[in-house]
Amino acid sequence: MRGIVADFMSTEVVTASKDTTLVELAELLLSTRVRRVPVTRDGKLIGVISRRDIIFAGNIRQRLLGELPLYAAVP
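Residues numbered from 1 in each chain as written. Predicted model: local features only at pLDDT ≥ 70, side-chain atom pairs only at ≥ 80, totals over all residues. Heavy atoms only, no water.

**Q** Mind showing me how you'd approach the layout of surface pockets here?
**A** One way to see where empty space is left: roll a probe the size of a water molecule over the atoms. In this model, the largest pocket occupies a volume close to 180 Å³. In this structure, the largest pocket is lined by S10, E12, V13, V14, V34, R36 and P38. (1 Å grid on protein atoms, 1.4 Å probe; cavity = no way out; pocket = protein on both sides within 12 Å on 5 of 7 lines; lining within 4 Å. Points joined across faces, edges and corners; volume = space filled by probe spheres on them.)

Structure, rendered in structure tokens:
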């Protein structure tokens, strides 16, 4: 493998804010076909989220919902 980072990097970076919903992010990932999205606040990188992170979050949510008892809320 030869070359430099510039030979392989993306120049049109797609970013999300920390307030972007998972649905909006999923739509962004599907429409742009990127696998990871930098998360920014005030133009600074604060994290990265991937397709795998969203799938994992969905799986955890489904498991938790499946394990919760279906009781009425107690005041």
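**Q** Hey, could you run me through the pattern of salt bridges in this one?
**A** Opposite charge on two side chains lets them pair, provided their charged atoms get close. As enumerated under the stated definition, the model contains one salt bridge in all. Across the pair D19 and K18 runs a salt bridge, and its minimum N-O distance is 3.5 Å. Residue K18 is classed as partly exposed on the basis of its relative accessible area of 48%. (Salt bridge = Lys/Arg side-chain N within 4 Å of Asp/Glu carboxyl O. Buried < 20%, exposed > 50% of the residue type's maximum accessible area, 1.4 Å probe, protein only.)

**Q** Where do I start with the pairing of strand β2 (residues 36-41) in this structure?
**A** Successive side chains on a regular strand alternate, one facing one side of the sheet and the next facing the other. Sheet analysis places strand β1 (residues 16-17) next to β2, joined by two bridges and oriented parallel. Bridge pairing links A16 to V39 in β2. The sheet contact formed by β2 and strand β3 (residues 44-50) spans six bridges and is antiparallel. In the strand pairing of β3, V37 is matched with I49. (Pairing = 2+ DSSP bridges. Helix = DSSP H or I, 4+ residues; strand = E, 2+ residues; numbered from the N terminus.)

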